[in-house]
Amino acid sequence: MLGLQILIDGFAISSLYALGATGFTLMFGVSGVLNLSHGAIMVAAAVAAWVIAGDLGGGPYGGALGGVGFGLVMAYATYFTVVRPIQRSKSIPKEETEIFVLTGTLLWGIMIQEAIAYLYTSNPKTVRPLIPGVFNMLGVRTPLNEVATAVICWAVIGLLWLLVNRTRSGKVLLAASINPRGVTLLGFELSSVYILVWTIYGILAGIAGVLLAMFLGVSSDGVGPLTASAFSIVVLGGLGSVSGSLMAAYVVGYMETLTAYLISPAYRTIPVLLLLVLVVYIRPQGLLGRR
């Protein structure tokens, strides 16, 4: 029974990671930004859902919508307050822009984390699930919300695939990830492309954060582990490879679930980080990254 429980829980958490990492990877592929405030944005969206659902009486559905909206607002704030000013700064050498962006988003994430802890303490917050109740799966009592979490994550990923592959805007995103200069020569503004990718990222991070609050609960202390998991997934899958990130999300999700069940939840990220070090040495391009 324990094996089936690990299988079910691992699939749900892996689906959540896949959703969050998809936006993380897409943004890097298009704009070259590794956003180290990723975990903070997810937690901020989750806490916003908790406040709206409980303190403001919005209920789980109102909380979910409000949390996703707040995730989008935080993504815009990250881009316009931190990333774009650094990218446009004339005092920063072009070859050093990426390290400044990394540092800036890291500090921004810490600021968000401390603000959440100050305003709402570091105690875990949970939001009532969208679909309450449990059902019996081969002798294992499984919350319906856990199944709904995986279904919603993959439905959103499917919609994103349709957006990227079947719409004009999506094809511009793909083109920008391959040849940004070529996109500008065709008459498209890269600034508009970047705003679009940050919009997609904010929505995906917001949904992942809200679902995580309904599934496991979140706290400001979870900012670091969430960012570490997303970074590990992106590197394992191959920088810029969405399909690689989807595969890596399940590797990371199941490794963390196994560690949490068999050893301790406190150590769940350690095996993944050790695997990351090994991959960097043996296959630095990741599972599906370009050589």
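Structure's up top.
Owing to the predicted nature of the structure, the values given are computational and were not obtained by experimental measurement. (Residues numbered from 1 in each chain as written. Predicted model: local features only at pLDDT ≥ 70, side-chain atom pairs only at ≥ 80, totals over all residues. Heavy atoms only, no water.)

**What about the overall build of the protein chain?**
Point 1. If you tally the helices and strands in the protein chain, you get eleven helices and two strands.
Point 2. For 291 residues, the compact-globule estimate of 2.2 N^0.38 gives 19 Å, and the protein chain sits close to it at 19 Å.
Point 3. Counting only C-alpha atoms and orienting by the principal axes, one finds that the protein chain spans roughly 60 × 45 × 35 Å.
Point 4. Across the 291 residues that make up the protein chain, the buried fraction comes to 50%.
Point 5. The contacts in the protein chain between residues at least 6 apart in sequence include a share of 75% that link residues at least 24 apart.
Point 6. Counting every atom, the protein chain has about 14,000 Å² of accessible surface; 68% of that belongs to carbon and sulfur.
Point 7. The averaged location of the 10 negative side-chain charges in the protein chain is 13 Å from the averaged location of its 15 positive side-chain charges. (Helix = DSSP H or I, 4+ residues; strand = E, 2+ residues; numbered from the N terminus. Rg over C-alpha atoms; globule rule 2.2 N^0.38 Å. Buried < 20%, exposed > 50% of the residue type's maximum accessible area, 1.4 Å probe, protein only. Contact = heavy atoms within 4.5 Å. Areas by Shrake-Rupley, 256 points an atom, 1.4 Å probe, with all protein chains shown as cover. Lys, Arg positive; Asp, Glu negative; His and termini not counted. Charge placed at Lys NZ, Arg CZ, Asp CG, Glu CD.)

**Considerations on the nonpolar core**
Point 1. Counting 75 residues, the largest nonpolar core has Leu-19, Val-30 and Trp-198 as its most contacted members.
Point 2. It is helix 8 (residues 190-215) that contributes the most residues to this core, 17 residues altogether.
Point 3. The contact partners of Trp-198, leaving out residues within four places of it in the chain, are Met-27, Val-33, Asn-35, Leu-72, Ala-75, Thr-78, Tyr-79 and Val-83. (Core = buried A, V, L, I, M, F, W, Y, C linked by side-chain atoms within 4.5 Å.)

**Details of the pattern of salt bridges**
Point 1. Throughout the structure, instances matching the rule amount to one salt bridge.
Point 2. Residue Glu-256 pairs with Arg-268 through a salt bridge whose shortest N-O separation is 3.7 Å. Note that Glu-256 is positioned in helix 10 (residues 242-262) and Arg-268 in the loop between helix 10 and helix 11 (270-282), a separation of twelve residues in sequence.
Point 3. Overall, the relative accessible area of 3% leaves Glu-256 in the buried class.
Point 4. Take Arg-268: its relative accessible area is 29%, and that puts it in the partly exposed class. (Salt bridge = Lys/Arg side-chain N within 4 Å of Asp/Glu carboxyl O.)

**Looking at the packing of aromatic side chains**
Point 1. Summed over the entire model, instances satisfying the criterion amount to seven aromatic pairs.
Point 2. Here Trp-50 and Tyr-120 contribute two aromatic rings whose centre-to-centre distance is 6.0 Å and whose plane-to-plane angle is 90°, an arrangement assigned as edge-to-face. On the criterion of sequence distance, the pair formed by Trp-50 in helix 2 (residues 38-53) and Tyr-120 in helix 4 (residues 97-120) is long-range, its members being 70 residues apart. (Phe/Tyr/Trp six-rings, centres within 6.5 Å; stacked < 30°, edge-to-face > 60°.)

**Quick notes on the environment of Ala-21**
Point 1. Within the secondary structure, Ala-21 sits in helix 1 (residues 2-31).
Point 2. Through-space distance from the C-alpha of Ala-21 to that of Ser-229 is 8.8 Å; in sequence the pair is 208 residues apart.
Point 3. With residues up to four places along the chain from it excluded, the contact list for Ala-21 reads Ile-233 and Val-234.

**What about empty space enclosed by the protein?**
Point 1. Under the criterion given, the structure shown has one cavity of 30 Å³ or more.
Point 2. Considered as a void within the structure, the largest cavity measures approximately 80 Å³ in volume.
Point 3. The wall of the largest cavity is formed by Leu-16, Tyr-17, Gly-20, Ala-21, His-38, Met-42, Ala-208, Leu-212, Leu-226, Ala-230 and Ile-233.
Point 4. At the level of secondary structure, the elements contributing two or more residues to the lining of the largest cavity comprise helix 1, helix 2, helix 8 and helix 9 (223-237).
Point 5. Sort the elements by how many residues they give to the lining of the largest cavity and helix 1 lands first, with four residues. (1 Å grid on protein atoms, 1.4 Å probe; cavity = no way out; pocket = protein on both sides within 12 Å on 5 of 7 lines; lining within 4 Å. Points joined across faces, edges and corners; volume = space filled by probe spheres on them.)

**Comments concerning unusual backbone geometry**
Point 1. Even without being a glycine, Thr-121 presents a positive backbone phi close to 65°.
Point 2. Here Thr-121 shows up in the loop between helix 4 and strand 1 (134-137).

**Re the packing of helix 1 against helix 8**
Point 1. Orientation of helix 1 relative to helix 8, taken along the N-to-C sense of each, is 165°, at an axis distance of 9 Å. Here helix 1 lies roughly antiparallel to helix 8, going by the angle between them. You can see that helix 1 and helix 8 cross each other, and the crossing is left-handed. (Axes fitted to C-alpha atoms, helices over the stretch in contact; angles between N-to-C directions. Parallel < 35°, antiparallel > 145°, perpendicular 65-115°, else oblique. Left-handed = near helix turned anticlockwise from the far one by under 90°.)

**Some words on the side chain of Ser-37**
Point 1. Tracing the chain through its elements places Ser-37 in the loop between helix 1 and helix 2.
Point 2. Classification of Ser-37 by relative accessible area gives buried; the value is 0%.
Point 3. Setting aside its immediate chain neighbours within four residues, Ser-37 contacts Thr-78, Thr-105, Trp-108 and Gly-109.

**Observations concerning the packing of helix 9 against helix 11**
Point 1. Look at helix 9 against helix 11: their axes get within 10 Å of each other, and the N-to-C directions meet at 30°. Between helix 9 and helix 11, the crossing angle belongs to the class labelled roughly parallel. Regarding helix 9 and helix 11, the two cross each other, and that crossing is left-handed. Two secondary-structure elements touch here, helix 9 through Ala-228, Phe-231, Ser-232, Val-235 and Leu-236 and helix 11 through Val-272, Leu-273, Leu-275, Leu-276, Val-279 and Val-280.
Point 2. Looking at side-chain class alone, the contact of helix 9 with helix 11 contains ten nonpolar, one polar and no charged residues. (Nonpolar A, V, L, I, M, F, W, Y, C, P; charged D, E, K, R; others polar.)

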